[in-house]
Amino acid sequence: MVRRLAWVLGFCLFLTGCAKPPKPVVLNDEYSRSVPSSTLPGWLKPYTINGKTYYPLPSAKEYEEVCVASWYGPGFHGEFAASGEIYNMYDYTAAHKILPMGTYLLVTNLENGKQVVVRVNDRGPFVGERCLDLSYAAAKELGLIGKGTAKVKIIALGEGEIKDNQMVYTSIPDFNKGEFYLQVGSFKQRENALQFKRQLEKESFKVEIEPFIKGDCIFYRVQVYLSNDLQQALALSQTLKKQRFKHAFLVAR
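Residues numbered from 1 in each chain as written. Predicted model: local features only at pLDDT ≥ 70, side-chain atom pairs only at ≥ 80, totals over all residues. Heavy atoms only, no water.

Draft legend 1. Spotlight on the overall build of the protein. From N to C terminus, the protein includes 5 helices and 13 strands. For the protein, buried positions account for 45% of its 253 residues. Taking as baseline every contact in the protein between residues at least 6 positions apart, the subset at least 24 positions apart corresponds to 73%. Of the roughly 13100 Å² of accessible surface on the protein, 52% is carried by carbon and sulfur atoms. (Helix = DSSP H or I, 4+ residues; strand = E, 2+ residues; numbered from the N terminus. Buried < 20%, exposed > 50% of the residue type's maximum accessible area, 1.4 Å probe, protein only. Contact = heavy atoms within 4.5 Å. Areas by Shrake-Rupley, 256 points an atom, 1.4 Å probe, with all protein chains shown as cover.)

Following this line, the structure appears as structure tokens:
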């Protein structure tokens, strides 16, 4: 995105979707020539937007944050991102003001429990107190498109670094492994959640209740265990959604 790139002077790094490890990405020549030759990489140098100076972090290790996320799409699709790559609104990427480029983030929508993994490849958002600008694809996955913003929790999963003009990824988590559940219901009354849980357990489902606090309310989310393997969980979740739980969705722990 030319507009963002002009704002941020020059930062670098990159993404893929949730399951496949990313391939090395070659930086475009125009951007590569703009990277300073000093010991401090361009994407780590402080920059100023609208009179406020931002200091990018040298590492995302153990980084967590709860804040408001938004999304951006058509107006920037096909333009340069601050990383030097072409922004694709259908990729799972995001803009963050200070996290290292190439950082993988687990983003949880705290308003509905949906999750997605994105890669930081741009700077922003520079509106209000928002901390994260998601691509269209990531925002759609989290249920953000209609509302526009949502309270989220972000957890850094892994980073990347540039070597020989290519992005090399480090500490990439195995997105195919974990604990995957299908959320089949949410109740304000704990007893109703317990009753639904007992009903499902009679049908041999492995069920857990996950409390969720929103404002002054506590919601009791009923979740059916699917698998430790993402692909198996996806297949099983599709079957269960067609057969019985039409509005259920997959969650990872």
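Draft legend 2. Representation of the nonpolar core in the model. Counting residues in each nonpolar core, the largest one holds 24 residues, and the members touching the most others are Leu105, Val107, Val118, Leu132 and Leu134. Among the elements of the structure, strand S3 (64–71), strand S5 (104–109), strand S6 (115–122), strand S7 (130–134), helix H3 (136–142) and strand S8 (150–163) are those that each provide at least two residues to this core. Counting residues per element, this core draws most heavily on S8, which supplies 4 residues. When near neighbours in sequence (up to four residues on either side) are disregarded, Leu105 contacts Leu99, Val116, Val117, Val118, Val120, Leu132, Ile155, Ala156 and Leu157. (Core = buried A, V, L, I, M, F, W, Y, C linked by side-chain atoms within 4.5 Å.)

Draft legend 3. Broad picture of the pattern of salt bridges. Considering all chains together, one arrives at 6 salt bridges under this definition. With a closest N to O distance of 2.5 Å, Lys147 and Glu111 form a salt bridge. Of the two residues, Lys147 is situated in the loop between H3 and S8 and Glu111 in the loop between S5 and S6; the sequence distance between them amounts to 36 residues. (Salt bridge = Lys/Arg side-chain N within 4 Å of Asp/Glu carboxyl O.)

Draft legend 4. Here's a closer look at the sheet that holds strand S10 (residues 177–187). What the 4 strands build is an open sheet, ordered S11-S12-S10-S13; its pairing is antiparallel. Edge strands, defined here as strands with exactly one partner in the open sheet, are strand S11 (207–214) and strand S13 (249–252). Looking at each pair of strands side by side, their axes are set apart by 45° on average, direction ignored. As paired strands, S10 and S13 are joined by 4 bridges and run antiparallel to one another. When the bridges of S13 are listed, Gln183 appears paired with Phe249. Strand contacts of helix H4 (residues 190–201): S10, S11 and strand S12 (217–229), with the helix running at about 155° to S11, the strand carrying the most contacts. Strands in contact with helix H5 (residues 230–243) are S10, S12 and S13; relative to S12, the strand with the most contacts, it is inclined by about 120°. (Pairing = 2+ DSSP bridges. Axes fitted to C-alpha atoms, helices over the stretch in contact; angles between N-to-C directions.)

Draft legend 5. Main features of unusual backbone geometry. In the segment running from Gly124 into Pro125, the intervening peptide bond is cis, with an omega of -10°. On the secondary structure map, Pro125 appears in the loop between S6 and S7. A positive phi angle, near 50°, is found at Asn50, a position not held by glycine. Counting through the fold element by element, Asn50 comes out in the loop between strand S1 (47–49) and strand S2 (52–54).

Draft legend 6. Structural view of the state of the cysteines. Within the structure shown, the criterion is met by 1 disulfide. Residue Cys67 pairs covalently with Cys131 via a disulfide, S to S 1.7 Å. Judged by the sign of its S-S torsion, about 45°, the cystine formed by Cys67 and Cys131 is right-handed. In this pair, Cys67 sits in strand S3 while Cys131 sits in strand S7, placing the two residues 64 residues apart along the sequence. With a relative accessible area of 10%, Cys67 lands in the buried category. (Disulfide = S-S within 2.5 Å.)

Draft legend 7. Fine view of the pairing of S7. Burial analysis of S7 places 4 of its 5 residues in the buried class, the great majority of the element. Where S3 lies against S7, 4 bridges are found, and the strand directions are parallel. Each bridged residue has a counterpart across the sheet, and for Trp71 the counterpart in S7 is Leu134.

Draft legend 8. Summary view of the packing of aromatic side chains. This structure, assessed with the given rule, holds 10 aromatic pairs. Between the aromatic rings of Tyr72 and Tyr87, the centroid separation amounts to 4.7 Å while the plane-to-plane angle is 10°, which identifies the pairing as stacked. Of this pair, Tyr72 sits in the loop between S3 and strand S4 (93–96) while Tyr87 sits in the loop between S3 and S4, and the two are 15 residues apart along the sequence. You'll find Tyr72 and Tyr87 in the same group, each marked buried. Members of the aromatic cluster, connected to one another through ring pairs, are Tyr47, Tyr54 and Phe126. (Phe/Tyr/Trp six-rings, centres within 6.5 Å; stacked < 30°, edge-to-face > 60°.)

Any functional reading would require information beyond the geometric quantities listed.
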